[in-house]
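Observations on chain architecture
Each chain, letter by letter, is given below.
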Amino acid sequence: MATFTLIFCITLAAGTGLQLWLSWRQGRHVAAHQHQVPQAFAKHITLDQHQKAARYTLAKLASERWEILLGAGLLLVWTLGGLLQSLDQFWAGITSSALWQGTGLILSVTLIGSLLALPLAIWQTFGTETTFGFNNSTPLQFAKDQALELVLSLVIGLPLILLILSLMTSAGSLWWLWAWFGMMGFMLLINWAFPIWIAPLFNTFKPLQAESLRTRLETLLARCGFASDGIFVMDGSKRSAHGNAYFTGFGKHKRIVFYDTLLDGLSEDQVEAVLAHELGHFKCHHIRKRLVAMALFSLAGLALLGWLADQTWFYTGLGVDQASPALALILFFLMMPVFTVFFSPLMSRSSRK
């Protein structure tokens, strides 16, 4: 067995074990404390509500553990199992163009991965979420969402794939730097387009009508110096009973969005508190810091990919006997979570802080 193959297998086993252990620890803690409401919340949450939340968490954790195991197994099939190599050979027989061969390979890997993940998504939506009374989506709505996501992936992803593969073959040894500039520009474009063009494809957004609540929220926004395009209500109830709120966009084109389920379940004081939480991210520059961190990690990742793409052992160690830009991209994005999973507890700690 090649050295890198051995390292990959050991790391995958250790990372999978770590995730399962953390999930088990959380489940054990939830199960041990499900019979009594924490003292700080005893006046606000009934024991029945607390136990329902515990049962829901335990069910989600069980589903998560299956997802971890299936993901590890599928990764081995893609790489050492030879599925990726067979798919590459299939596309080599379809077209002689290296660019379109690579594009077809990436798109087919993405499509197959989505199809294999579909049964678990169906179970989570119509099993766990329905059992606990959270799912409002119909099979038709679910199918429409899946189809729309697929179309958007093609429309948005295809130009980016073509750009990166073209740069990898024609921009020289520093192709990864030019690819990084392209990805950053693409990311900013998507962030700008999301609230205006993408999100409305899935949901309806209407300006907040409740005058007294809107006045309170606008006063809070003004006090925090938060300029936005408005406060909107999203029809989240057509898919789920879960409530949420967020702001999206950047610059002067930021939007505050509340799920209708959240507004239906909270008082005006509570809604203002939810907005205050979101504004805390704004005041502490969390979005800006996250974008900078993402840009730096992306740059480092692409630089690493630029080096790995020229290493024969990188391909052979992951079950592929030939090199190509598309295979380098796919193998890199399949492999990276195996090695970065060990940083997830640190990232969680930073997020909670």
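Located above this text is the structure these notes cover.
I will try to describe carefully the structure that is included in this document. (Residues numbered from 1 in each chain as written. Predicted model: local features only at pLDDT ≥ 70, side-chain atom pairs only at ≥ 80, totals over all residues. Heavy atoms only, no water.)

**Quick word on the pairing of strand E2 (residues 231-234)**
Definition in use: Any residue under 20% of the maximum accessible area for its type is buried, any over 50% is exposed, and the rest in between are partly exposed; the area is computed with a 1.4 Å probe on protein chains only. In DSSP terms, a helix is any run of H or I states spanning at least four residues, a strand is any run of E spanning at least two, and both are numbered starting from the N terminus. Note on pairing: two strands pair once DSSP finds at least 2 bridges between them.
Neither face of E2 is open: one carries Ile231 and Val233, the other Phe232 and Met234, and all of them are buried. One ladder, built from three bridges, connects strand E1 (residues 205-207) with E2; its direction is antiparallel. For Lys206, the partnering residue across the bridge sits in E2 and is Val233. Inspection of the sheet shows E2 paired to strand E4 (residues 255-259) by four bridges, in the parallel sense. Bridge pairing links Phe232 to Val257 in E4.

**Observations regarding the side chain of Ser298**
Where we set the bar: The definition of a polar contact used here is a pair of N or O atoms within 3.5 Å, where within protein one atom must be able to donate a hydrogen and the other to accept one, and adjacent residues in sequence count solely through side-chain atom pairs. Whether two residues are in contact is decided by their heavy atoms, any of which lying within 4.5 Å being enough.
One can find Ser298 in helix H10 (residues 286-308). Within the structure, Ser298 has its side chain in polar contact with the backbone oxygen of Met294 (distance 2.7 Å). When residues no more than four places from it in sequence are discounted, the contact partners of Ser298 are Trp180 and Met184.

**Examining the state of the cysteines**
This is how it is decided: Any two cysteine sulfur atoms within 2.5 Å of one another count as a disulfide.
For the structure on display, the rule yields zero disulfides. Here Cys224 stays unpaired: no disulfide links it, and the sulfur of Cys284, its closest cysteine neighbor, is 11 Å away.

**Focus on a nonpolar patch on the surface**
The test is simple: Exposure above 30% relative accessible area and the absence of a salt bridge qualify a residue for a patch, where like charges join within 9 Å and nonpolar side chains (Val, Leu, Ile, Met, Phe, Trp, Tyr) within 5 Å. All accessible-area figures derive from a Shrake-Rupley calculation using a 1.4 Å probe, and residue coverage is judged against the displayed protein chains alone. In what follows, salt bridge is the name for a side-chain nitrogen of Lys or Arg lying within 4 Å of a carboxyl oxygen of Asp or Glu.
A cluster of nonpolar side chains, contributed by Leu111, Leu115, Leu150, Val151, Leu154 and Val155, occupies part of the molecular surface with about 520 Å² of accessible area. With four residues, the single largest contributor to the nonpolar patch is helix H5 (residues 139-170). One can find Leu154 in helix H5.

**A word on the sheet that holds strand E3 (residues 245-248)**
Put simply, the test is: Here, axes are lines fitted to C-alpha atoms. For helices the fit covers the stretch in contact, and angles between N-to-C directions go from 0 to 180 degrees.
Overall, mixed pairing links the four strands, which are arranged E1-E2-E4-E3 in an open sheet. Strand pairing shows two members of the sheet lacking a second neighbour, E1 and E3, which therefore form its edges. Strand-to-strand twist across the sheet, computed as the mean angle between neighbouring axes with direction ignored, equals 30°. Helix H6 (residues 175-202) contacts E1, E3 and E4 of the sheet and is inclined by roughly 130° relative to E3.

**Section: the packing of helix H4 (residues 98-131) against H5**
Stated precisely, the cut-off is as follows: The labels follow the angle: roughly parallel below 35 degrees, roughly antiparallel above 145, roughly perpendicular from 65 to 115, and oblique for the rest. Handedness of a crossing is defined here by the sense of rotation of the near helix relative to the far one, left-handed for an anticlockwise turn of less than a right angle and right-handed for a clockwise turn.
The geometry of H4 relative to H5 is characterised by a closest axis approach of 10 Å and an angle of 155° between their N-to-C directions. Taken together, the axes of H4 and H5 lie roughly antiparallel to each other. Remark: the crossing between H4 and H5 carries right-handed chirality. Contacts from Leu99, Trp100, Gly102, Thr103, Ile106, Leu107, Leu111, Leu118, Ala121, Ile122, Thr125 and Phe126 of H4 reach H5 at Pro139, Phe142, Gln146, Leu150, Leu154, Leu158, Ile161, Leu162, Leu165 and Ser166.

**Some details on the packing of helix H3 (residues 83-94) against H4**
Where we set the bar: Under the scheme applied, nonpolar residues are Ala, Val, Leu, Ile, Met, Phe, Trp, Tyr, Cys and Pro; charged residues are Asp, Glu, Lys and Arg; polar residues are all the others, including Gly.
Following both chains from N to C, one finds H3 and H4 inclined at 135°, their axes separated by 9 Å at the closest point. Classified by the interaxial angle, the pair formed by H3 and H4 is oblique. Both H3 and H4 take part in a crossing whose hand is right-handed. Between H3 and H4, the residues in contact are Leu84, Leu87, Asp88, Trp91 and Ala92 and Gln101, Gly104, Leu105, Ser108, Val109 and Ile112, respectively. Grouping the constituent residues of the contact of H3 with H4 by class yields seven nonpolar, three polar and one charged.

**Focus: the pattern of salt bridges**
Under the counting rule described, the total for this entry stands at seven salt bridges. For the salt bridge of Arg216 with Glu272, the shortest nitrogen-to-oxygen distance reads 2.5 Å. Pair noted here: Arg216 is in helix H7 (residues 211-223) and Glu272 is in helix H9 (residues 268-283), with a separation of 56 residues, a long-range link. Among the residues examined, Arg216 registers a relative accessible area of 27% and is labelled partly exposed. The partner of Asp235 in a salt bridge is Lys238, with the nearest N and O atoms 4.0 Å apart. Taken together, the shared-partner salt bridges connect Arg216, Glu268, Asp269 and Glu272 into one network.

**Details of empty space enclosed by the protein**
Note the cut-off: A cavity, in this analysis, means grid points on a 1 Å lattice covering only the protein atoms where a 1.4 Å probe fits yet has no way out; a pocket is instead an open set bounded by protein on both sides within 12 Å along at least five of seven lines, and a residue lines either one if it has an atom within 4 Å of a point. Grid points are joined across faces, edges and corners, and a volume is the space filled by probe spheres set on the points.
Counting across every chain of the model gives one cavity of 30 Å³ or more. Within this model, the largest cavity holds a volume of roughly 30 Å³. Grouping the amino acids of the lining of the largest cavity by side-chain chemistry returns four nonpolar, two polar and no charged.

**Description of the nonpolar core**
Note the following rule: Only buried Ala, Val, Leu, Ile, Met, Phe, Trp, Tyr and Cys residues count toward a nonpolar core, and they belong to the same one when joined by side-chain atoms within 4.5 Å.
Counting residues in each nonpolar core, the largest one holds 41 residues, and the members touching the most others are Leu84, Leu105, Phe314 and Tyr315. In contact with Phe314, other than residues within four places in its own chain, are Phe4, Leu308, Ala328, Leu331, Phe332 and Met335. Counting 25 residues, the second largest nonpolar core, distinct from the first, contains Ala199, Leu213, Leu217 and Val257.

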